[in-house]
Each structure stands twice: as C-alpha cells, then as structure tokens.
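# Summary of structural features
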Amino acid sequence: MHETKKDFWSSPFTSSKIKTEDIRLPEMLIGYFIGPFGALLSSGIFTSILQNYFTDVLKLNLTFLTALQLFSTILIVAANLIVGQLIEHTKTMAGKARPWILLSALTLSVASVLMFVVPFEGTLKLIWIAVAYNLFYAVAYPIYNTANSTLIPVSTRNSQKRGALASFTNVAGLGVMGAGSMVFPILVSFALKESQGRWFAVMLAVAIFSALTIYLQFMFTRERVTEEIRKQNTADEKKGTVSLRVQLHAIANEKMWWIVMLFYMGFQWSGALKNGSMSYFCKWVLDNTFFGTADAWGASQSLLSIMGAVPMAVAAVFVVPLCNKFGKRKVTMAGMLLGAAGGVIAIWGDGRIIPVAVGVALKCLGSSPACYMILAMLADVIDHIEFTSHIRTDGLTMSIYSSIMVAGTPVCNSIFSALLNMSGYNQEADVALGTSAQAAGVQAAITASYIWAETIAYMICAVLIFFFTIEKKLPEEQAVIAARKDKK
C-alpha cells in the first residue's frame, strides 16, 4: 500500500477527527473501544461457537476439521508476518497502521459471512469451508488485528496512557467474547438451531455493524509516534525502512521480548482451548438440572460467561490504577496466581455448576490484568528495543503477537477436534457420548480442555512474568530516546 495521492488522506472521509496532541475521551472510547468491539465481534462469536457450528450444524468430519485448522495455522502465521512488514513499509499521512484499519472495514466484514453461505454439498462443501475459513483467519483477520495491535505503541509514548488505551482495547475484546459466549449460545439453542439461513442472517447483521465501527475507529485514532518519526526523517530522504533481518536480530536478542511473547502464548492458547471446548463442557459435563432440565446447556453456558464477565468488568476499573501504583509485573503475576486458584476450585467442582461457576469467576478475575495490560507491556518492550537497538519494531512485534492470537483458535480447535475424535465423540449419533465408557473418555477430554489446560498455563505464566522487569528503567530509557532525537 503506497501513498499515491497526498490529498486522499486529507478528505473529509479519511482525515482523522483527532487533532489534539494529548489523548482524550473520544479517541479512547471510539477509537479503542467501540471500533475494536465491532471489528472483533465476529471473531468472538467464532471463538465461542464456530466449532459447534462445524460439528453439529454442518456435520463436518472431525478429521477434516483437524487437518484444516492445522494447515490454516501455517497460512495464518505467514499472513501475519507479511502484514506486519506491509504495515512497516506503509508511509502515508494517515500513518502506517490506520490505512490497513480502513481496508479492514471491507475485508473483515465480507470474510466473516462466507462460512455461513455454503451453497454446495459433498467435496465442494469442504472446499468452500476451507477457502472461506482461510479468507477470514489467514487474510482478513490478520490485516485488522495486526494493524489494531500496532496502534497502541504508535499512539503515544506515554506509558500510562498506553496502558489506558490497551485496557480499552482489551475490554472491547473481552466484551465480544462475552457476547459470543453469553448471547450466541442462547440464540443457537433456542432460535438458530440447525437453520443455515438464520445463521447467515445474523452474521450478515454482525458484518454490517463491523464495517461501520471499523470506519469509526479509523476516523477517531491518530499515530503520534509515527508522525514524530516521519518528521525526523524528512530531512534525510535516503533513510529507508529497517530491513526484516535487522528487526529480527533486535527482537531475537532481547530476553524481555521472549518473556512477554511466551507469557502471551501460554495465556492466549490455553484460553482458546477453553473457549473452543466451553459449549461441549456445558452440554456433556456440567450438571444442567440447576435450570430444571438437562437440556439447558445454553443457559448454563450463559451463566458461566456472566460469572466470568462480571469480575472482569469490575476489574477494568481497578487494573490500570493498580498497575500504575504497583507495576504491571506484580499485578499481572498476582492475577495469574489467583486465576490458577480459581481453576483448582473449578476442577474440584466436578461438573457441579455452583463450584465450577465460582472457580470460573475467580479465574477470569485473575486473568484481567494480563488481558488489559498485554498490549501495554508489548509497547514497553518496543520502546526498550528502540533504546537498545536504535530501531522501532512495531510491525514485526505486533505481527508476531497477532499470529499468536489468531493462530490460537485454529491450533487449539484442531487439538480439541483430535481429542474428541480419539475419545469417541460422534456428532452423527443421537447420544454423542455413546456408551458409558466412551462418555467417561469424552468428558475427561472436554474437562482437560476447558479447565485443566488453562489452570496449568496460569501457573507457568506467573513464573514467566516474575522475570519481566522492563518497566523499572523504562522512564530513563525513554528520556534517552528523546535526547537522541533532540540532537538530530
């Protein structure tokens, strides 16, 4: 994407509404909450219910799903890395990430509905699903998510403001996860059922909403750091974009970068495995007679979603002030330990809805600092690398971050599909769990995916984040960066 007409970004339809140097409420609310909420809504729905749609509505073969999702992971990672470099090489008056946000208003909204059209049967049906799946996860979503993630580090150098913006963005992400796991299961169990026409109509409405909110995000954001660097480089026309090899060398030799990425992979992928198995846990493991009938799995899933969403919503008020006072590392580590304790309670619940719900609530409360602060911690790492290596790695770092985020769903869904297949789950049968012996195996696989994996991951993440000490010296490093720029 190259800047062909300088006045294109100055038109009333593409010129940013944000003119102030400091970050104010309209930018935070529209650019970092409403925009990401609409953009990520389809992804939140997919994370919660797409696997169920594939197995129980389209009746897709589990072996096919496992192969598709594993193969797609390769394309997803490659796409994110490519998009990261495209963003790094984009030079426009609108910045380097915002033009791709604008493009996503079209690509993301269109790609999100294709899996719900399915005009074919047999082999052509499988081909259609494979193509549509990858158009969303390996094309449209990487474009948006990498650009959206890059906005945080290029929005401002103020670490506390970045923390606030990261919190808004991640609250939006958690909001769509809540909508996907609370509202959609009820729609599916009581209204959508196996009607592809109804599924399509709902997802079309979601796509239109996404397009509108992404455009609003584009209009109500600004890349202050990009503008600062562009002004500094104006006098030196020969200065080009730093090569990928140099960027890779810079991040590969920074242990703080590795710590935060490994932390995020464990955190994100265990969460993806949990989310993909949630509806199955509510269907086949949880005691749903709490609601008067064993068939009320949708209501049970909504209850667990609410029990997770409420503590995280409350925590949104306190996480940023606590991190500003005690530091992101300490607050995040304490949260991981609390989340692990919640997981232990959920395991002890053994399918009883009340202790499981309590455990889920504690686990989600403990995860809130990591959810809200991960982008801010990555932005701090990018500044630290700029201090040590004299280069910015926004595009590369955020493309890898986005790869981890987006690849988590297909990788973990493929793992879960394989576990279901090995344990004897049969989506064609009236009783999917089969015999009592099969039922025990299937339930064990589902419980391990929904509770055990995330609990263990939180313990590991607590140890990793203990060694993330970057924020102690960050103000001094940013002062050095500013001094370097003043000398030029």
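Residues numbered from 1 in each chain as written. Predicted model: local features only at pLDDT ≥ 70, side-chain atom pairs only at ≥ 80, totals over all residues. Heavy atoms only, no water.

### With respect to the overall build of the protein chain
- Within the protein chain, the secondary structure is distributed over 15 helices and zero strands.
- Scaling as 2.2 N^0.38, a compact globule of 488 residues should have a C-alpha radius of gyration of about 23 Å, and the protein chain matches this with 22 Å.
- Going through the 488 residues of the protein chain one by one, you find that 57% of them count as buried.
- Counted over contacts in the protein chain with a minimum sequence separation of 6, partners at least 24 positions apart contribute 84%. (Helix = DSSP H or I, 4+ residues; strand = E, 2+ residues; numbered from the N terminus. Rg over C-alpha atoms; globule rule 2.2 N^0.38 Å. Buried < 20%, exposed > 50% of the residue type's maximum accessible area, 1.4 Å probe, protein only. Contact = heavy atoms within 4.5 Å.)

### A word on helix α4 (residues 122-155)
- Taking 1.5 Å per residue as the helical rise, α4 with its 34 residues ought to reach 50 Å, and the 48 Å between its terminal C-alpha atoms agrees with that figure.
- Along α4, the sharpest kink reaches roughly 45°, centred on Y141 and followed within four residues by the proline P142.
- Burial within α4 is extensive, with 25 of its 34 residues counted as buried. (Expected span 1.5 Å × (residues − 1). Bend = angle between axes of the 7 residues up to and from the residue.)

### Some details on the pattern of salt bridges
- All told, the structure shown has 19 salt bridges when counted by the stated rule.
- Where D394 meets K96, a salt bridge forms, and the shortest distance between an N and an O atom there is 3.4 Å. Taken together, the residues span a long stretch of sequence, with D394 in helix α13 (residues 394-423) and K96 in the loop between α2 (62-88) and α3 (98-111) at a distance of 298 residues. Each member of the pair, D394 as well as K96, carries the same accessibility label: buried. (Salt bridge = Lys/Arg side-chain N within 4 Å of Asp/Glu carboxyl O.)

### Quick notes on unusual backbone geometry
- Positive phi is not limited to glycine here, since K59 has a value of about 60°.
- Backbone geometry at H390 places phi at a positive 65°, although glycine is not the residue there.
- Mapped onto the elements of the fold, H390 is located in the loop between α12 (353-389) and α13.
- On the basis of relative accessibility, which here comes to 56%, the residue H390 falls in the exposed class.

### Considering the packing of aromatic side chains
- For the structure on display, the rule yields 22 aromatic pairs.
- Aromatic ring contacts, followed pair by pair, group F46, Y53, F54, F116, Y133, F136, Y137, Y141 and W199 into a single cluster. (Phe/Tyr/Trp six-rings, centres within 6.5 Å; stacked < 30°, edge-to-face > 60°.)

### Considering the side chain of S368
- Topologically, S368 is positioned in helix α12.
- Given the relative accessible area of 2%, S368 is considered buried.
- Only 2.6 Å separates the side chain of S368 from the backbone oxygen of L365, close enough to count as a polar contact.
- The contacts of S368, once residues within four sequence positions are left out, are M312, A315 and V319. (Polar contact = N/O pair within 3.5 Å; in protein donor to acceptor, adjacent residues only side chain to side chain.)

### Some remarks on the environment of E27
- Within the secondary structure, E27 sits in helix α1 (residues 25-57).
- For E27, a relative accessible area of 1% gives the class buried.
- Residues E27 and Q217, 190 residues apart in the sequence, show an inter-C-alpha distance of 8.5 Å.
- Ignoring anything within four residues of it in the chain, the contact list for E27 reads I18, D22, Y32, F220, T221, R222 and R224.

### Details of the side chain of T92
- Relative to the elements of secondary structure, T92 occurs in the loop between α2 and α3.
- Of the residues examined, T92 reaches a relative accessible area of 3% and is grouped as buried.
- Polar contacts involving the side chain of T92 include one to the main-chain amide nitrogen of A94, which spans 3.1 Å.
- Within the structure, T92 has its side chain in polar contact with the backbone oxygen of G95 (distance 2.7 Å).

### Describing the packing of α2 against α13
- Between α2 and α13, the least distance of the axes is 8 Å, while the angle of their chain directions is 180°. For the element pair α2 / α13, the angle class is roughly antiparallel. (Axes fitted to C-alpha atoms, helices over the stretch in contact; angles between N-to-C directions. Parallel < 35°, antiparallel > 145°, perpendicular 65-115°, else oblique.)

### Notes on the environment of T156
- Positionally, T156 belongs in the loop between α4 and α5 (159-192).
- Using a relative accessible area of 12% as the deciding quantity, one classes T156 as buried.
- For the pair formed by T156 and E228, sequence separation is 72 residues and the distance between their alpha carbons is 9.8 Å.
- Excluding residues that lie within four positions of it along the chain, T156 makes contacts with I23, K161, R162 and V225.
- Within the structure, the side chain of T156 is placed 3.1 Å from the backbone nitrogen of N158, a separation counted as a polar contact.

### Things to note about the packing of α3 against helix α6 (residues 196-219)
- Here α3 crosses α6 at 175°, and the two axes come no closer than 8 Å. It follows that α3 is roughly antiparallel to α6 by the angle criterion. Only A207, A211, I214, Y215, Q217, F218 and M219 of α6 make contact with α3, whose side of the interface consists of R98, P99, I101, L102, S104, A105, L108 and S109.

### Describing α12
- Helix length check: α12, at 37 residues, gives a terminal C-alpha distance of 52 Å against a target of 54 Å (1.5 Å per residue), a fit within 8%.
- At M373, α12 is deflected by roughly 50°, the largest bend along its length.
- Of all 37 residues in α12, 30 are buried, a share of seventy percent or more.
- Once α12 finishes, H390 follows within two positions and takes phi at roughly 65°, a positive value.

### Section: a nonpolar patch on the surface
- Judged by side-chain polarity, I306, V310, V314, V317, F318, L322 and F326 come together as a nonpolar surface patch covering roughly 640 Å² of accessible area.
- Under the relative-accessibility criterion, L322 is labelled partly exposed at 37%. (Patch = residues over 30% accessible without salt bridge, like charges linked within 9 Å, V, L, I, M, F, W, Y side chains within 5 Å. Areas by Shrake-Rupley, 256 points an atom, 1.4 Å probe, with all protein chains shown as cover.)

### Quick notes on the confidence of the model for the protein chain
- On average, the protein chain scores 86 in pLDDT, and the residues at 70 or more come to 92%.
- Per-element mean pLDDT across the protein chain ranges from 78 in α5 up to 96 in helix α11 (residues 328-349).
- Counting contacts from residues 1-5, a segment whose pLDDT is below 50, to residues more than four positions away or on other chains yields eight contacts. (pLDDT = per-residue confidence, 0-100.)

### Things to note about the state of the cysteines
- Counted under the stated rule, the structure contains zero disulfides.
- Between C282, a free cysteine, and C364, which holds the nearest cysteine sulfur, the sulfur-to-sulfur gap is 12 Å.
- Unpaired in terms of disulfides, C461 finds its nearest cysteine sulfur in C371, a separation of 11 Å.
- For C461, a relative accessible area of 2% gives the class buried. (Disulfide = S-S within 2.5 Å.)

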